[in-house]
Amino acid sequence: MSPLLVHWLILKQLFFDKHQVRLIVLQVYCLHKTVRMSGRRVVVFPSAAELGPALAHLVASRADKALLDHGRFSLGLSGGSLVSMLSKELPALPDLDCSHWLAGFCDERLVPFNDGESTYGLYKNQLFSKINIPDSGVLVIDPSLSVQECAEDYARKLKEAFPKEDIPVFDLLLLGMGPDGHTCSLFPDHPLLEETQKIVAPIDDSPKPPPQRVTMTFPMVNLARCVVFVSTGGSKAPVLKQVLEGGEGPALPAARVVPSHGELFWLIDEPAAASLTLQVERPGSAAKL
Ligand SMILES: O=C(O)[C@H](O)[C@@H](O)[C@H](O)[C@H](O)COP(=O)(O)O
């Protein structure tokens, strides 16, 4: 018998009657249900430095699972701080094999690849050059096209890469969230939030520069097997509270990411979590998610 169980049985004998035991079990169950079984896990790390390795392990574990299940791991990337975090942490994993990975972009800015604003350009220099992902394993936009054509071209590339599915189902999408609650290039109050037909849409009036971008839409994002938001820093605290706990007015774009069948993680640090009152997980840096 495990020592924990022995302790519990002694405690139970000494202090609790049957009714109290039932209550405690019910409370533990409810807590577990709130934290885990709502389908969304909010996981708080002391700092971004501790969050990074846990994110890398999560990526590697979902990659292992996907490779076993269907021989390929499809990963959707976003810009922002994710670029440097992934570029630091993924190559540091021992034995990471990316030869059967397919990397796409949750959104991309319509600028040449050698422009400092190109998300692909950043990943190419900082991450792809350090891991063994083949060039053919990276799905990129064609920045020479108009924004409309670019979105159509990128949607076609995605559909070709997922021939068995009407709408591509990514194994893992990594998302960031802006201080206005945007994610991908889906901005608050923008008509693209209501898009139901296209899997990738053009946007030429992005409130955050550069104005021309292409973006995955909610119908595609919400089909992913796993979606992970990464949000760090005290400046994100107010919007995180609104997104995770609700507030006045229509739901912000990041709050509308609710995978229909997949997992949803919010990996955040303590400064970003400062205003939250909901139940969160605080697993420490060695977290295996
Ligand atoms: O295309 C963009 O303009 C950025 O990529 C942007 O959408 C970013 O992902 C979020 O603002 C989160 O940024 P952080 O990861 O730095 O919080």
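What you see is a predicted model; the values in this text were computed from it and never measured. (Residues numbered from 1 in each chain as written. Predicted model: local features only at pLDDT ≥ 70, side-chain atom pairs only at ≥ 80, totals over all residues. Heavy atoms only, no water.)

**Digging into the state of the cysteines**
Chemically, a disulfide is nothing more than a covalent bond linking the sulfur atoms of two cysteines. The criterion, for reference: Criterion for a disulfide: a pair of cysteine sulfur atoms within 2.5 Å.
All told, the structure shown has zero disulfides when counted by the stated rule. Here Cys 98 is not disulfide-linked; the sulfur of Cys 106 is the nearest cysteine sulfur, at 17 Å. For Cys 226, which is in no disulfide, the shortest distance to another cysteine sulfur is to Cys 106 and amounts to 12 Å.

**With respect to the UniProt feature "domain: Glucosamine/galactosamine-6-phosphate isomerase" (unreviewed entry) in the chain**
Note the following rule: UniProt positions are given in the numbering used here, feature names are shortened, and annotations may be inferred rather than shown by experiment. Secondary structure elements follow DSSP: runs of H or I of four or more residues count as helices, runs of E of two or more count as strands, with numbering from the N terminus.
Taking the numbering used here, the UniProt-annotated feature "domain: Glucosamine/galactosamine-6-phosphate isomerase" (unreviewed entry) corresponds to residues 47-266. Here residues 47-266 runs as 30% helix and 16% strand, with 14 Å between its end C-alpha atoms.

**Concerning the layout of surface pockets**
Short version of the rule: A 1.4 Å probe that fits into a set of points on a 1 Å grid over the protein atoms alone but cannot get out defines a cavity; an open set with protein on both sides within 12 Å along at least five of seven lines defines a pocket, and lining residues are those with an atom within 4 Å of a point. Grid points are joined across faces, edges and corners, and a volume is the space filled by probe spheres set on the points. In this classification, the charged set is Asp, Glu, Lys and Arg, the nonpolar set is Ala, Val, Leu, Ile, Met, Phe, Trp, Tyr, Cys and Pro, and all remaining amino acids, among them Gly, are polar.
When its volume is computed, the largest pocket comes out at roughly 370 Å³. Taken together, 22 residues form the lining of the largest pocket, with Gly 79, Gly 80, Gly 176, His 182 and Lys 208 sitting closest to its centre. Among the secondary structure elements, those contributing two or more residues to the lining of the largest pocket are strand E4 (107-109) and strand E8 (226-231). It is E4 that provides the largest number of residues to the lining of the largest pocket, a total of three residues. Partitioning the lining of the largest pocket into residue classes produces five nonpolar, 11 polar and six charged. Considering only enclosed or pocket space, the second largest pocket measures out at about 210 Å³ in volume. Along the walls of the second largest pocket sit His 70, Arg 72, Ser 74, Ala 161, Phe 162, Pro 163, Lys 164, Glu 165, Val 169, Asp 171 and Arg 225, which together make up its complete lining.

**Brief notes about unusual backbone geometry**
In the segment running from Pro 209 into Pro 210, the intervening peptide bond is cis, with an omega of -5°. With respect to the secondary-structure elements, Pro 210 resides in the loop between strand E6 (200-203) and strand E7 (213-216). Of note in the backbone geometry, Cys 184 takes a positive phi value of approximately 50° without being a glycine. In this structure, Cys 184 sits in the loop between strand E5 (172-175) and E6.

**A few points about the pairing of E8**
Spelled out, the test is: Burial status follows relative accessibility: with a 1.4 Å probe on protein chains alone, a residue under 20% of its type maximum counts as buried, one over 50% as exposed, and anything between as partly exposed. At least two bridges found by DSSP between two strands is the condition for calling them paired.
Of all six residues that make up E8, six are buried, and the element is covered over most of its length. Residues of E8 alternate between two faces, with Cys 226, Val 228 and Val 230 on one and Val 227, Phe 229 and Ser 231 on the opposite face, all of them buried. Across three bridges, the pairing between E5 and E8 is parallel. Counterpart to Leu 175 in the pairing with E8 is Phe 229. Bridge count for E8 against strand E9 (residues 263-269) is six bridges, and the pairing is parallel. Opposite Cys 226, over in E9, you have Glu 263 as the bridge partner.

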